[in-house]
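# Results of the structural survey
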There are 2 protein chains.
Amino acid sequence: MNTHTFRNWQSVQTEVLRRIHAREWKPGDLIPNEADLALEFGCARTTVNRALRAVAEAGALDRRRKAGTRVATQPVAKATLNIAVIRTEIEDRGQTYSYRLITRHDAVPPLAISSAMETSAGRPLLHVGALHSADGTPYAFEDRWIDPNVVPAASREGFETVSANEWLLKHAPYTHGEISFAATSATQEDAVLLQCPEGSALFTINRVTWDGGAAVTKVRLLFRLGHSMRAVL
Amino acid sequence: MNTHTFRNWQSVQTEVLRRIHAREWKPGDLIPNEADLALEFGCARTTVNRALRAVAEAGALDRRRKAGTRVATQPVAKATLNIAVIRTEIEDRGQTYSYRLITRHDAVPPLAISSAMETSAGRPLLHVGALHSADGTPYAFEDRWIDPNVVPAASREGFETVSANEWLLKHAPYTHGEISFAATSATQEDAVLLQCPEGSALFTINRVTWDGGAAVTKVRLLFRLGHSMRAVL
DNA sequence: TGATGTTTTATGTGCATACATATTATTTTT
DNA sequence: AAAAATAATATGTATGCACATAAAACATCA
């Protein structure tokens, strides 16, 4: 049949994807093992392994030791979002970025914040509010809590010219984090800041970043109506 | 100094991440080349390569042939979203899923749709509207256009019991797609369907999937207020 | 029958080696 | 001095081999 040989892992990957796509290997099907495929493709098992691993990482194959490799039944689409600094996000679109600090003070956070950050309830944290604008129009409102015990340098930073969004990325390392996206209605306060009607649908990002066991910061970003976040599948 | 050897790529990866995190290798820094690291870590260059490749894929390193490997200056956070079928999304939370087809007919789509799908302006497509519910309460409204030329079988499918969301994943292969997230205000029609106040902030997903050069389907998913989409960083 | 141990098997990984390839750095030529 | 050819170098990848590991399949025993 196919006398052609596949000399590199990319071409093996392409062929594997083609077979999945052409339904030669149907969802749920167990595909031949690496050794057999290597024989068929005329390459080393290592090469097949590399290709199958890549396809599996992309979500189209499920692999388990001994059980073998099968075509994913629920090809859970994996979208990789690139979350950049707001300033560069705006500048990359060719718009002019401006920034305005609104509040910056130490305060005891609401319970929702202290429990999400796993800090003791009564301990004050650094609270920063700021507005990011694109071409003069409000773009996003940043509402952030920072733990000064975790990032002592933040207490000495005014955040008057550099946003916490940007400053933290540069000065506060983190090991992991959680992010969530939602739609929220603009409160009266939000509406004033973002210069939009009260009740507007705002795209909202909530993020908590951790450095090991301690929360570094929790931020809520409110984007003006019309904002959308894109990704490829 | 460190007499310890790193025998596997995961431990090398951990050590590399530690150094980046501890600022031993600062953002922008050129790190030692693979051969030197292999020597230092007491393992093969292949192993170092595997580890560095993984870290680079995660976004913390930038690698270029001959130029070497350097710590990413803009650690653009990459969040990987798992977009599942709505039914399983609901069932995985232990809720009861129900589905109701609202409309299904051939129609000439608005220009916004036909141009996004790159179909000729006047050609009718299959239009499906359906409601997904969790524990009896409306959860998401699905507004979908399907190209019957690309998925002929869809014309023979009633979508009365199986949602297009689920049916397409099983029957219509795709090569790639775009997805975007936004917040929109509920129109009166949306409000009735989702049983929420008019003007409510709805989390919205817009997705177009392609099979090679042809658009398979374009879908708009409106989620009830309160819905959020999570990911880890 | 059910629990427990053993074998088998497919994937996962490490290593030495060789060569490929993209870039940068250097040298030569015009 | 600019352009072109050439060398040097770090990453990228293919291969054969060996062994690790998880988990299914099977056998054994109470």
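Residues numbered from 1 in each chain as written. Chains lettered and ligands numbered in written order. Predicted model: local features only at pLDDT ≥ 70, side-chain atom pairs only at ≥ 80, totals over all residues. Heavy atoms only, no water.

Looking at the assigned domains, one finds that chain A contains domain 1 (9–71) and domain 2 (86–223). Here domain 1 of chain A and domain 2 of chain A have C-alpha centroids that lie 44 Å from each other. (Domains from an automatic or database assignment.)

Let us now look at the relation of the copies chain B and chain A. You can overlay chain B on chain A at an RMSD of 0.3 Å; the transform is a turn of 180° with a shift of 0.1 Å along its axis. As the rotation angle and translation indicate, the two copies are arranged about a two-fold axis. Both copies present the same face, since 98% of the interface residues in chain B are matched by interface residues at the equivalent positions in chain A. (Least-squares fit on C-alpha atoms with pLDDT ≥ 70 in both. Contact = heavy atoms within 4.5 Å.)

To continue, consider the packing of aromatic side chains. Residues and elements named next belong to chain B. Summed over all chains, the structure comprises 12 aromatic pairs over all chains. Considering the side-chain rings of Tyr139 and Phe223, the 5.7 Å spacing of their centres and the 90° angle between planes classify their relative orientation as edge-to-face. Of the two residues, Tyr139 sits in strand β6 (residues 137–146) while Phe223 sits in strand β9 (residues 214–223), which places them 84 residues apart along the sequence. For the pair Tyr139 and Phe223, one class covers both residues: buried. With centroids separated by 5.5 Å and ring planes inclined at 90°, the aromatic side chains of Phe159 and Trp167 adopt a geometry described as edge-to-face. (Phe/Tyr/Trp six-rings, centres within 6.5 Å; stacked < 30°, edge-to-face > 60°. Helix = DSSP H or I, 4+ residues; strand = E, 2+ residues; numbered from the N terminus. Buried < 20%, exposed > 50% of the residue type's maximum accessible area, 1.4 Å probe, protein only.)

Residues and elements named next belong to chain A. Mapped onto the secondary structure, Ser200 falls in the loop between α7 (188–194) and β8 (201–211). When its relative accessible area of 7% is taken as the criterion, Ser200 is described as buried. Looking at Ser200, its side chain comes within polar contact range of the main-chain oxygen of Pro197, at 3.0 Å. If sequence neighbours within four positions are ignored, Ser200 has contacts with Thr184, Ser185 and Ala186. (Polar contact = N/O pair within 3.5 Å; in protein donor to acceptor, adjacent residues only side chain to side chain.)

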